[in-house]
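Inside the fold
Residues per chain are reported as follows:
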Amino acid sequence: MSTDHIEVPGGRLHVVDDGAGPPIVLLHAGVADLRSWDAMVHPLVAAGYRVIRFDSRGVGESTTEEIEFSHRADLLAVLDALGLGRAALVGNSMGGMAAIDTAIESPDRVAAVVGVAAGLGGFEATPTNDETRIFEAYERVDGAKPYDADALTDFEANVWLDGPGQPAGRAAPALREAFKAMAGPLNAPGRVPARGRPLEPPANGRLGELRCPVLFVAGALDFSEVVQTGDRIEAAAPNAHSVVWPDVAHMIGMEQPARLAAAIVEFLAPLDRWA
């Protein structure tokens, strides 16, 4: 394993690089950092891949100034710094949105995309009534006076790790502690916000531009928007397939790392090697 820090305009990215072979970049969710992929590294490296992770700006050990920036440009900066022409992108939630956006904006740099409960820019799903109430409760906790960062982190663990409407503590205690260790600092008062510049026009209306194969993995214990997103991508992208796993929520790489790694390896196996 090697670690590095890559300078980008107005920021510094913490990068971890493991293994050798065709490169896979793992892009974390907005409520986590690169440690959310820890359990995925060994099985992917053992399958013959080079596994690269980095903290996005203002997250984990990466820094940012209070400026607008592009997640896509930061990703390409990491590839360039490592001397990589193309990579397969695996992104969870916000990271999945960045992966899809990059594959549209810079198709020559992306060999394949795996969206793990990925977001999709410009797509508006229809929440259930119960989900609407959860979103409203989320806003109340986030906007509480006085602000309670610990309460917000606990709420996020219940929603994103256990799953919306699932019993608190459904996920293993060790996973909960690992999640809170990542999400807690992101909720700390005074943190410099990272302001990502969205892809324009957004990806939802441009899915036909996706030239690479796409696998979308959703959890049935997640918000229904995620399953709807997978259905949308499968229907509109030229070479996309969506699957729904019945027993996971949003942080699939933490809950089922071996299963997700196996699905990624199976998906990538037929493709020509890339570098």
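On a predicted model such as this, the values are computed, not experimentally measured, just so you know.

Procedures and definitions
Residues numbered from 1 in each chain as written. Predicted model: local features only at pLDDT ≥ 70, side-chain atom pairs only at ≥ 80, totals over all residues. Heavy atoms only, no water. 1 Å grid on protein atoms, 1.4 Å probe; cavity = no way out; pocket = protein on both sides within 12 Å on 5 of 7 lines; lining within 4 Å. Points joined across faces, edges and corners; volume = space filled by probe spheres on them. Helix = DSSP H or I, 4+ residues; strand = E, 2+ residues; numbered from the N terminus. Nonpolar A, V, L, I, M, F, W, Y, C, P; charged D, E, K, R; others polar. Expected span 1.5 Å × (residues − 1). Bend = angle between axes of the 7 residues up to and from the residue. Contact = heavy atoms within 4.5 Å. Polar contact = N/O pair within 3.5 Å; in protein donor to acceptor, adjacent residues only side chain to side chain.

Digging into empty space enclosed by the protein
Tallying each qualifying case throughout the model produces 1 cavity of 30 Å³ or more. Roughly 110 Å³ of volume is contained in the largest cavity. Taken together, Leu27, His28, Phe54, Asp55, Ser56, His71, Leu75, Met94, Gly95 and Ala98 form the lining of the largest cavity. Contributing elements (two or more residues each) for the lining of the largest cavity: α2 (71-81) and α3 (94-105). It is α3 that provides the largest number of residues to the lining of the largest cavity, a total of 3 residues. By residue class, the composition of the lining of the largest cavity is 5 nonpolar, 4 polar and 1 charged.

Things to note about helix α6 (residues 173-186)
Counted at 1.5 Å a residue, the expected span for α6 with its 14 residues is 20 Å, and the 20 Å between its end C-alpha atoms agrees. Residue Lys180 marks the point of greatest curvature in α6, where the axis turns by about 25 degrees. Where α6 is buried, its residues meet α5 (149-162) and α8 (252-255).

Regarding the side chain of Arg109
Relative to the helices and strands, Arg109 resides in the loop between α3 and β8 (110-116). A distance of 2.5 Å separates a polar side-chain atom of Arg109 from the backbone oxygen of Gly85. Once you skip the residues sitting within four places of it in the chain, Arg109 turns out to touch Leu76, Leu79, Asp80, Leu84, Gly85, Arg86 and Ala87.

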